[in-house]
Amino acid sequence: MISMDPNNEEAYSIVVFGASGGLAKKKVFPALWALFRENRMPQGTKIFTFTRSPLQTKTYRLQILPYMELDKHRDPTKYNLFWTTVHCVQGEYDKPEHYVALTEAMVHQETKHNQVRANRIFYLALPPIVFDQVTLNVSRKCSSTTGWNRIIVEKPFARDDISYKAFQTSLCNCFRESQIYLMDHLLSRQVMQNFFALRYSNHLWGETLNHRHVAAVMISVKCELPVSVNRANYFNQFGIIRDVMTNHMIQVLAMLAMDQPYANTADDLRAERLKIFARC
Ligand SMILES: NC(=O)C1=CN([C@@H]2O[C@H](COP(=O)(O)OP(=O)(O)OC[C@H]3O[C@@H](n4cnc5c(N)ncnc54)[C@H](OP(=O)(O)O)[C@@H]3O)[C@@H](O)[C@H]2O)C=CC1
Ligand SMILES: O=C1O[C@H](COP(=O)(O)O)[C@@H](O)[C@H](O)[C@H]1O
């Protein structure tokens, strides 16, 4: 991960595709706001939404309010400032010319402060059915030529092996592996983040969480109720096993069963996880 220096004079644009949906409202924007509030975003970062729906910053801000963590004594001024960084762009996912308009909107902001290098992050908060057309159009029409580009895709990536291979091929035709982030937001949960400390640094737990003391493990995924109609329709179509088991639950299983990685790096973590899957 590239560290973001808050005093950096380079331009940063973050584009959230599908910002009208639940993922963007419940997860992505609250996370962006948290980064902004804690001064962990580089100064001058601009956020763009790209949707078919005619979003406007003012109304979007109201829709999203229930999901934002706000301290009314501390945050109001900063929260207003946060929303001045948000720009809504309307477009169709299959129309290259609409991506050109998005790029113009980004360039307009990026060049305002004479920043010479533009870095861009594209977050796909979209259903898989549009991934291919969005990644292709983004790579052709929106990539920065002066700075770096990153693309973030949220699970589910595909339905099965065949559709995963197609997804992988089309993504890798557009971006290098180092530019691609496949996201599993469940792993950012506090309990998961603390899990390694519990297993490897806490003697009481570390000494007992092993085959000599544990006969069986049950992993449960609990869902917040009520499930929205949109979500329920999606689960019915896609299948709940595909939606949470092939990613969230498998990742949790790997974290439970794997040996301690050699070092705290992505590569070492991946190597240890793979050993577990290779044994299954
Ligand atoms: N909601 C959640 O908590 C989580 C969701 N996910 C996954 O992330 C992705 C996005 O989630 P979520 O926001 O809930 O999904 P939505 O179904 O709400 O879709 C997000 C946005 O994508 C656009 N969209 C929806 N369907 C289509 C379509 N058929 N063709 C083109 N555009 C479409 C719509 O935006 P517009 O029409 O305005 O362009 C919509 O608001 C999904 O794959 C989901 O499974 C992953 C983890 C958690
Ligand atoms: O990916 C998914 O995960 C969420 C669970 O995440 P949470 O952080 O909101 O608990 C689940 O609700 C969603 O439907 C599923 O697709």
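The name given to the protein in an unreviewed UniProt entry is Glucose-6-phosphate 1-dehydrogenase, and the organism recorded there is Drosophila simulans. Note on the protein: under the UniProt heading Catalytic activity (unreviewed entry), the record states "D-glucose 6-phosphate + NADP(+) = 6-phospho-D-glucono-1,5-lactone + NADPH + H(+)". Under Pathway (unreviewed entry), UniProt gives the following word-for-word description of the protein: "Carbohydrate degradation; pentose phosphate pathway; D-ribulose 5-phosphate from D-glucose 6-phosphate (oxidative stage): step 1/3."

1. Brief notes about the UniProt feature "domain: Glucose-6-phosphate dehydrogenase C-terminal" (unreviewed entry) in the protein
The feature "domain: Glucose-6-phosphate dehydrogenase C-terminal" (unreviewed entry), as annotated in UniProt, sits at residues 197-278 in this numbering. Segment residues 197-278 splits into 62% helix and 0% strand. End C-alpha atoms: 25 Å apart.

2. Some points on helix α10 (residues 229-238)
Among the residues making up α10, those that are buried are Y234, F235 and F238. All buried residues of α10 fall inside an arc of 100° around its axis, so they share one side. Relative to its buried face, α10 has exposed residues pointing more than 90 degrees away, namely V229, N236 and Q237. For α10, the elements touching its buried residues are α11 (240-257).

3. A word on the site of ligand 1
Contacts to ligand 1 come from 21 residues, most closely from S20, L23, R52, S53 and Y93. Between an oxygen atom of ligand 1 and a main-chain N or O atom of L23, the distance comes to 2.9 Å. Contact with the protein chains hides 79% of the accessible area of ligand 1, taken as 860 Å² for the molecule alone. Within the residue set of the shell around ligand 1, elements represented by two or more residues are α1 (22-37) and α10. Classifying every residue of the shell around ligand 1 by side-chain character gives ten nonpolar, seven polar and four charged.

4. Let's talk about the domain arrangement of the protein
As far as domains go, the protein holds domain 1 (11-183) and domain 2 (187-277). Computed over C-alpha atoms, the centres of domain 1 and domain 2 are 27 Å apart. In this assembly, six residues from domain 1 lie in contact with nine residues from domain 2. Each partner contributes to the roughly 640 Å² buried at the junction of domain 1 and domain 2, and carbon and sulfur atoms together form 43% of this total. For domain 1, the biggest contributors to the area lost against domain 2 are K155, P156 and R159; these three give 76% of the whole. For the interface between domain 1 and domain 2, the tally reads two salt bridges. Ionic pairing is found between D243 and K155, a salt bridge with its closest N-O pair at 3.1 Å. Our count for the contact surface shared by domain 1 and domain 2 stands at two residue pairs in polar contact (both at pLDDT 80 or more).

5. Brief notes about the environment of K58
Within the fold, K58 resides in helix α2 (residues 57-64). Exposure remark for K58: the relative accessible area of 71% places this residue in the exposed category. Once the C-alpha coordinates of K58 and W83 are considered, the two residues, 25 residues apart in sequence, prove to be 8.7 Å apart.

6. Some words on the packing of helix α4 (residues 96-112) against helix α5 (residues 131-142)
Look at α4 against α5: their axes get within 9 Å of each other, and the N-to-C directions meet at 50°. Taken together, the axes of α4 and α5 lie oblique to each other. α5 is crossed by α4, and the crossing has right-handed handedness. Residues P96, Y99, V100, L102, T103 and M106 of α4 form the contact with α5, whose participating residues are Q133, V134, N137, V138, K141 and C142. Partitioned by chemical class, the residues of the contact of α4 with α5 number eight nonpolar, three polar and one charged.

7. Here's the deal with the state of the cysteines
The tally for this structure, following the rule as stated, stands at zero disulfides. Left unpaired, C172 is separated from the closest cysteine sulfur, that of C174, by 9.1 Å.

Criteria and thresholds
- Residue numbers run consecutively from 1 along every chain, following the written order of its sequence.
- Written order decides the labels, with chains lettered from A and ligands numbered from 1.
- Per-residue local features are limited, in this predicted model, to residues with pLDDT of at least 70; the limit for side-chain atom pairs, both in listing and counting, is 80 or more; totals at the level of whole chains, interfaces and linings are taken over all residues.
- Only hydrogens and water are set aside when side-chain values are computed; all heavy atoms of the structure are taken into account.
- UniProt positions are given in the numbering used here, feature names are shortened, and annotations may be inferred rather than shown by experiment.
- In this description a helix means any DSSP run of H or I spanning at least four residues, a strand means any run of E spanning at least two, and both kinds are numbered starting from the N terminus.
- Residue burial is assigned from relative accessible area. The probe radius is 1.4 Å, only protein chains are included, and a residue is buried under 20% of its type maximum, exposed over 50%, and partly exposed in between.
- Directions are taken from the helix axis to each C-beta atom, and the arc is the one they span.
- Two residues form a contact once any of their heavy atoms are found within 4.5 Å.
- Whether a residue is near a molecule or strand depends on its heavy atoms: it is near if one of them lies within 4 Å of it.
- Definition of a polar contact: a pair of N or O atoms within 3.5 Å, with one able to donate and the other able to accept a hydrogen when the atoms are protein atoms, and with sequence-neighbouring residues admitted only if both atoms are side-chain atoms.
- Surface exposure here means Shrake-Rupley accessible area, sampled with a 1.4 Å probe, where a residue is shielded only by the protein chains that are shown.
- Nonpolar residues are Ala, Val, Leu, Ile, Met, Phe, Trp, Tyr, Cys and Pro. Charged residues are Asp, Glu, Lys and Arg, and all others, Gly as well, are polar.
- Those domain boundaries reflect an automatic or database domain assignment.
- Each of two parts loses accessible area, computed with a 1.4 Å probe, when they are put together; buried area is these two losses added.
- One speaks of a salt bridge when a side-chain nitrogen belonging to Lys or Arg is within 4 Å of a carboxyl oxygen belonging to Asp or Glu.
- Lines are fitted to the C-alpha atoms to define the axes, a helix being fitted only along its stretch in contact, and any angle between axes, read from their N-to-C directions, falls within 0 to 180 degrees.
- Each angle is binned into one of four classes, with values under 35 degrees roughly parallel, values over 145 roughly antiparallel, values of 65 to 115 roughly perpendicular, and all other values oblique.
- Left-handed is the label given to a crossing in which the near helix is rotated counterclockwise from the far helix by less than a right angle, and right-handed is the label when the rotation is clockwise.
- Disulfide: a pair of cysteine sulfur atoms within 2.5 Å of each other.

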